[in-house]
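Listed here are the chains, written in short residue letters.
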Amino acid sequence: MVNWSPNVVEPSDGARIEADENGHLQVPDHPIICYIEGDGIGYDITTASLRIWDAAVKIAYGGSRKIAWLETYAGEKAAAHYDGDYMPDETFEVLKHFRVGIKGPLTTPVGTGFRSLNVTLRQVLDLFACIRPIRWYQNVPSPLKRPQDVNVVIFRENTEDIYAGIEFASGTADNRKLARFLREDLAANHFFEDAGLGIKPISPFGSKRLIRAAIEYAIQRERKSVTLVHKGNIQKYTEGAFQKWGYELAADEYPDQTITWEAMSANGSHPNPAGKILIQDVIADIMFQKMLLRPREHDVIATTNLNGDYLSDALAAQVGGVGIAPGANIGDGIALFEATHGTAPKYTNLDKVNPGSLLFSGVMMLEHIGWFEAASLITQAYEATLLDRIVTYDFARQMDQATEVSTSAFASSIIDRMS
Ligand code: NAD
């Protein structure tokens, strides 16, 4: 037993998830899983989702399995419990110790020097892969003619790129020092006086571990391709290097499981040999167009941090918006699942918003711990609820003949359709 503060109330009926030396999880029947409620609409969506996850596990395993939930604190609730601290060290320790957690959205004040809690969590816990599956469910309002053609899983690098936070504000001494170094030592002169400066680190280590996770996922889930999305035509030694390292990794570590367009053309083996995962690459700006016009050509996507940030929200909008898109942040032996939208403060405690994003993040979490039966029970019940046109306000206002219900009534409708 670790000596936690009184804020950590370890459930007595649960056991810790362990990992073997290869990082594979060993999940007991009553695993302790952490949840962070989140700010704003966090309470409403977490309360609804907890009911659905628990009901699915109970029905799927007849009571032999059960999640032992451990409430963990970040954001405003943390400040209340930890004397004003929005991101207590103990929260990092709890998440590391118990290995699996799920969180609602957290408030980040803009432009006050207050570091995003979400970015901090990802970096401190080294959650290097942000995974976002994006698919359409029947009746979900979409601006596309054929939203059913969108079915991709984005792997976004989570720790490098401009998110590393290496930035120097215009007018500061450090900025002037760096500007002088660039001009005088590196003859890099193409920037105006007093420009704010930022550094974009992209490493072979960071790129390869992300692309490896994407290829492993494609192999395990029998997906068809991995597309490396980059802006290498302009940023040759960062984005371009990401693409180069991706191809190198596939050739070095997965020669039997992967193939490139080039290799296919060279040996005249069109179409793709059965079972081989196609490794391809697309320039980031064209990817947005391709995902609107020919989304079926892409399956698993691996990309750098900023590209992934834009791309995941844009693709989510194609199939229903961030209110439904789920997400996970994965590191070695640790995973934090999260709603991808923000705290939507104007809807706080109105029991009104869509719990879909957090709910499906929980579905990813159940799959992560190997509880696939409970995960598919939720997906099926959700589909059945949507087929009956029972939805929250955000979908109702875009649908004909919809029945608009509250967050909690939406959760009940899903649970009713589970047995
Ligand atoms: P937001 O996602 O909170 O809200 C934008 C709009 O999206 C809302 O007004 C609402 O119309 C809609 N929306 C969001 N979630 C919804 C849901 N579940 N159901 C239905 N509609 C939903 O974005 P914002 O207003 O830019 O940010 C508000 C706060 O959230 C900020 O403090 C920001 O820093 C934070 N934020 C946190 C996260 C996170 O924790 N992962 C992500 C983004 C923003």
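See the structure shown above.
Residues numbered from 1 in each chain as written. Predicted model: local features only at pLDDT ≥ 70, side-chain atom pairs only at ≥ 80, totals over all residues. Heavy atoms only, no water.

## Examining the sheet that holds strand 11 (residues 258-260)
Hydrogen bonds between backbone groups are what pair the strands of a sheet, and the pairing can be parallel or antiparallel.
Then, number 1: The strand order across the open sheet built from 11 strands is 4-3-5-15-14-6-7-13-10-12-11, with neighbouring strands paired in mixed fashion. The outermost strands of the open sheet, each flanked by one partner alone, are strand 4 (68-71) and strand 11. Neighbour-to-neighbour, the strand axes of this sheet turn through a mean angle of 25°, independent of strand direction.
Then, number 2: Sheet topology note: the strand 6 (residues 129-135)/strand 7 (residues 151-157) ladder contains 7 bridges and is antiparallel. The residue bridging Ala129 from the neighbouring strand is Glu157, located in strand 7.
Then, number 3: Against the sheet, helix 6 (residues 204-220) makes contact with strand 6, strand 7, strand 10 (225-230), strand 11, strand 12 (277-283) and strand 13 (300-303), and its axis sits at roughly 155° relative to strand 7, the strand it touches most. (Pairing = 2+ DSSP bridges. Helix = DSSP H or I, 4+ residues; strand = E, 2+ residues; numbered from the N terminus. Axes fitted to C-alpha atoms, helices over the stretch in contact; angles between N-to-C directions. Contact = heavy atoms within 4.5 Å.)

## Topic: the site of the ligand
Then, number 1: In the vicinity of the ligand there are 20 residues, among which Leu106, Asn118, Gly342, Ala344 and Asn354 approach most closely.
Then, number 2: Here a nitrogen atom of the ligand and a backbone polar atom of Asn354 are 2.8 Å apart.
Then, number 3: Between a nitrogen atom of the ligand and a side-chain N or O atom of Tyr393, the distance comes to 3.1 Å.
Then, number 4: A total of 810 Å² of accessible area belongs to the ligand in isolation, and the protein chains cover 68% of it. (Near = heavy atom within 4 Å. Polar contact = N/O pair within 3.5 Å; in protein donor to acceptor, adjacent residues only side chain to side chain. Areas by Shrake-Rupley, 256 points an atom, 1.4 Å probe, with all protein chains shown as cover.)

## Description of the packing of aromatic side chains
Then, number 1: Under the counting rule described, the total for this entry stands at 11 aromatic pairs.
Then, number 2: Geometrically, the ring pair formed by Tyr61 and Trp371 is edge-to-face, given 5.6 Å between the ring centres and 65° between the ring planes. In this pair, Tyr61 is assigned in helix 1 (residues 42-61) and Trp371 in the loop between helix 11 (356-368) and helix 12 (372-387), connecting sequence segments 310 residues apart. Judged on exposure class, the residue Tyr61 and its partner Trp371 are both buried.
Then, number 3: One aromatic cluster is present, formed by Tyr137, Phe360, Tyr382 and Phe410 through successive ring pairs.
Then, number 4: Of note, Arg65 hangs over the ring of Tyr61, and the distance from its end group to the ring centre comes to 4.6 Å. (Phe/Tyr/Trp six-rings, centres within 6.5 Å; stacked < 30°, edge-to-face > 60°. Buried < 20%, exposed > 50% of the residue type's maximum accessible area, 1.4 Å probe, protein only. Lys NZ or Arg CZ within 6 Å of the ring centre and 35° of its normal.)

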